[in-house]
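Structural overview for review
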Amino acid sequence: RASEVEAKYKHHAEAVERQIEVCNELLGDIGSVLDIFSELKLSQRAISGRTDALKEQCDRLVSEREKLTTVSGSIKERLDHFDRLEELSSLFHAPVSASSDPHAILKGLEDLDTSLAFTSKHPEYLESAKYHAKFRNLQARAMALVKSYFQESVAVSIAECKASTLHDADDGSGQGKGQEDGGDMTI
């Protein structure tokens, strides 16, 4: 009987030993997993740090791009005054007639005044004096154009008034005003 009890305890001790070995293996696996988690946590922190640095760099680049866009727009706006010369020149050297668009002429005169004021205020630009002189010459041409436009418009208006007066006179009893008493009609 003692050997039976001893065999039973021996068998139980062997089972406990196997469970201890399994538990030790599990503890080793858990330790390995914890080490992997620690490495992942360190990697995550490093990646988070790099992400934050990259975000800051992107924010700086966006800010710099906005500044450059503003500077570029400012430069373009200033250079537009010089680029306008050709457009205004073709407007004011075109033949004028009473049917010409007065709004385009007025807009051109406004642009010309703005460009003259700009070149006058900014003599530090390399060819500012040259362009100022060209704009002045163009201004004289524009004034001649306005004068010509005005004269032609007045002439067309006078012709229309005469035609309207003659037409009204012909629509009457066959005689114009002033002819009822035998006088001559003068306009």
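Remember, it's a predicted structure, so these values are computed and weren't measured experimentally. (Residues numbered from 1 in each chain as written. Predicted model: local features only at pLDDT ≥ 70, side-chain atom pairs only at ≥ 80, totals over all residues. Heavy atoms only, no water.)

Structurally, the position occupied by S115 is in helix α2 (residues 102–121). Reaching out from S115, the side chain makes a polar contact with the side chain of R84 at a distance of 3.4 Å. Apart from residues lying up to four places away in sequence, S115 is in contact with H81, R84 and F135. (Helix = DSSP H or I, 4+ residues; strand = E, 2+ residues; numbered from the N terminus. Polar contact = N/O pair within 3.5 Å; in protein donor to acceptor, adjacent residues only side chain to side chain. Contact = heavy atoms within 4.5 Å.)

So, about the packing of aromatic side chains. One pass over the full model with this rule turns up 5 aromatic pairs. Summarising the aromatic geometry, the rings of F118 and Y125 are spaced 5.6 Å apart at their centres and angled 35° between planes, so their arrangement reads as tilted. Judged by relative accessible area, F118 falls into the buried class, the value being 9%. With centroids separated by 6.4 Å and ring planes inclined at 45°, the aromatic side chains of Y131 and F135 adopt a geometry described as tilted. In this pair, Y131 and F135 both sit in helix α3 (residues 128–171), 4 residues apart, roughly one turn of the helix. Put simply, the rings of F82, F118, Y125, Y131 and F135 touch in pairs and so form one group of aromatic residues. (Phe/Tyr/Trp six-rings, centres within 6.5 Å; stacked < 30°, edge-to-face > 60°. Buried < 20%, exposed > 50% of the residue type's maximum accessible area, 1.4 Å probe, protein only.)

What follows deals with the pattern of salt bridges. Charged atoms that come close allow side chains of opposite charge to pair. Under the definition given, this model contains 4 salt bridges. Note that K76 is salt-bridged to D80, the shortest N-O span being 3.4 Å. Here K76 pairs with D80, and both are found in helix α1 (residues 2–92), just 4 residues apart, close to one helical turn. For D80, a relative accessible area of 25% gives the class partly exposed. Between D111 and K107 there is a salt bridge, with its nearest N and O atoms 2.8 Å apart. A residue pair is termed a helical-turn pair when its members lie 3 or 4 positions apart in one helix, as D111 and K107 do in helix α2 at 4 residues. Looking at D111, the relative accessible area reads 10%, which means it is buried. (Salt bridge = Lys/Arg side-chain N within 4 Å of Asp/Glu carboxyl O.)

In this model, α1 (91 residues) spans 129 Å end to end at C-alpha, consistent with the 135 Å of a helix rising 1.5 Å per residue. Residue H81 marks the point of greatest curvature in α1, where the axis turns by about 35°. (Expected span 1.5 Å × (residues − 1). Bend = angle between axes of the 7 residues up to and from the residue.)

With 14 residues, the main nonpolar core has L88, F92, L112, F135 and L138 as its most contacted residues. Contact partners of L88, with chain neighbours within four places excluded, come to G108, D111, L112, F135 and L138. (Core = buried A, V, L, I, M, F, W, Y, C linked by side-chain atoms within 4.5 Å.)

Turning to a nonpolar patch on the surface, a few remarks are in order. Nonpolar side chains collect at one region of the surface, where V22, L26, L27, I30, V33, L34, I36, F37 and L40 lie side by side and expose about 870 Å² of accessible area between them. Mapped onto the elements of the fold, I30 is located in helix α1. (Patch = residues over 30% accessible without salt bridge, like charges linked within 9 Å, V, L, I, M, F, W, Y side chains within 5 Å. Areas by Shrake-Rupley, 256 points an atom, 1.4 Å probe, with all protein chains shown as cover.)

Before going further, it helps to examine a negative patch on the surface. The grouping of E14, E17, E21, E25 and D29 at the surface amounts to a negative patch. If you trace the backbone, E25 turns up in helix α1. You can call E25 exposed: its relative accessible area is 55%. (Lys, Arg positive; Asp, Glu negative; His and termini not counted. Charge placed at Lys NZ, Arg CZ, Asp CG, Glu CD.)

For R141, the position within the fold is in helix α3. Overall, R141 belongs to the partly exposed group, its relative accessible area being 31%. Each C-alpha atom of the pair R141 and S89 lies 8.9 Å from the other, and the pair is 52 residues apart in sequence. With residues near it in sequence (within four places) discarded, R141 still touches F92, H93 and A94.

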